[in-house]
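# Analysis of the macromolecular model
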Amino acid sequence: MKPLIRSIAVGAALFAVGAVMLERAKAGSDEFFPPVTDPLTRQECGSCHMAFPAGLLPARSWQKMMGELDNHFGDDASVDAATARQITTYLVAHAADSAGHGDMRRWLRRVPASAAPQRITELPKWVREHREVSPREWTRKEIASKANCVACHVDAERGYFEDD
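Another point: the overall build of the protein chain. Secondary structure assignment for the protein chain yields 6 helices and 0 strands. Starting at the N terminus and ending at the C terminus, the protein chain contains elements arranged as α-α-α-α-α-α. Counting across all 164 residues of the protein chain, residues that qualify as buried make up 34%. If you take every contact in the protein chain between residues at least 6 apart in sequence, the share linking residues at least 24 apart comes to 57%. A total accessible area of about 10,300 Å² is found for the protein chain, and carbon and sulfur atoms account for 57% of it.

In structure tokens, the structure reads:
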């Protein structure tokens, strides 16, 4: 193999290995939450807003939210019973306090075990993580809401909430 071709091949291989390692490092960070993978959940929840990762809330929160879809933050987000069951099952199985998702439990620190918070933006950890954002920032037209994660975290829908 000619030296130039060999150098290009080695460079490409190193780049690929680096990309894989970076992706794994990001997935292991404090700012990664597995994104919604269930097609029905992505479709129904994502039709009005970003389909928030289930690991951002405990199971009891998702159960309460799914039981009150007729008044979902002031809107009627009702779905048929079978759809609601499937979405609830998915969200509960992937919630912050579900088996196998222990690394997401840190978001539930300081949340009483009996509480079923409905707004991710009101969790103590979320508030701490965003304390440097001025109240004026939230009113900017491009952001408009604390729930508009993708305005500041471009990979939020992929589960990455690193500061961009």
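A few words now on the packing of aromatic side chains. Counted according to the given criterion, the structure contains 4 aromatic pairs. When the centroid spacing of 4.8 Å and the interplanar angle of 40° are considered together, the rings of Phe 32 and Tyr 160 count as tilted. Pair noted here: Phe 32 is in the loop between helix H1 (3-27) and helix H2 (39-46) and Tyr 160 is in the segment after helix H6 (135-138), with a separation of 128 residues, a long-range link. Across this residue pair, the class does not change: Phe 32 and Tyr 160 are buried. Joined through ring pairs, the aromatic side chains of Phe 33, Trp 107 and Phe 161 make up one cluster. Looking at Lys 125, its charged tip hangs above the ring of Trp 107, at a distance of 5.8 Å from the centre.

The next thing to look at is the nonpolar core. Nonpolar side chains in soluble globular proteins generally cluster together in the buried interior. Core analysis: the largest hydrophobic core is formed by 32 residues, its most contacted members being Trp 62, Leu 91, Ile 120, Leu 123 and Phe 161. At the level of elements, helix H3 (59-67) and helix H4 (81-93) are the ones that each hand at least two residues to this core. The residues contacting Ile 120, other than those within four sequence positions of it, are Phe 52, Leu 56, Leu 57 and Trp 126.

Along H3, the residues classified as buried are Ala 59, Ser 61, Trp 62, Met 65 and Met 66. Viewed end-on, H3 has its buried residues packed into an arc of 160°, placing them on one side of the element. Where H3 is buried, its residues contact H4.

Another aspect to go through is a positive patch on the surface. A cluster of basic residues, Arg 109, Arg 110, Arg 128 and Arg 131, forms a positive patch at the surface. Within the fold, Arg 131 resides in the loop between helix H5 (124-129) and H6. The class for Arg 131 is exposed, based on a relative accessible area of 62%.

For the rest of this paragraph, the subject is the pattern of salt bridges. Pairs can form between side chains of opposite charge once their charged atoms are near each other. Following the criterion strictly, the structure yields 6 salt bridges and no others. The closest approach of N and O atoms between Asp 155 and Arg 158, which form a salt bridge, is 3.5 Å. Taken together, the salt bridges that share partners define one network made up of Glu 137, Arg 140 and Glu 142.

How each quantity is defined
Residues numbered from 1 in each chain as written. Predicted model: local features only at pLDDT ≥ 70, side-chain atom pairs only at ≥ 80, totals over all residues. Heavy atoms only, no water. Helix = DSSP H or I, 4+ residues; strand = E, 2+ residues; numbered from the N terminus. Buried < 20%, exposed > 50% of the residue type's maximum accessible area, 1.4 Å probe, protein only. Contact = heavy atoms within 4.5 Å. Areas by Shrake-Rupley, 256 points an atom, 1.4 Å probe, with all protein chains shown as cover. Phe/Tyr/Trp six-rings, centres within 6.5 Å; stacked < 30°, edge-to-face > 60°. Lys NZ or Arg CZ within 6 Å of the ring centre and 35° of its normal. Core = buried A, V, L, I, M, F, W, Y, C linked by side-chain atoms within 4.5 Å. Arc of directions from axis to C-beta. Patch = residues over 30% accessible without salt bridge, like charges linked within 9 Å, V, L, I, M, F, W, Y side chains within 5 Å. Salt bridge = Lys/Arg side-chain N within 4 Å of Asp/Glu carboxyl O. Lys, Arg positive; Asp, Glu negative; His and termini not counted. Charge placed at Lys NZ, Arg CZ, Asp CG, Glu CD.

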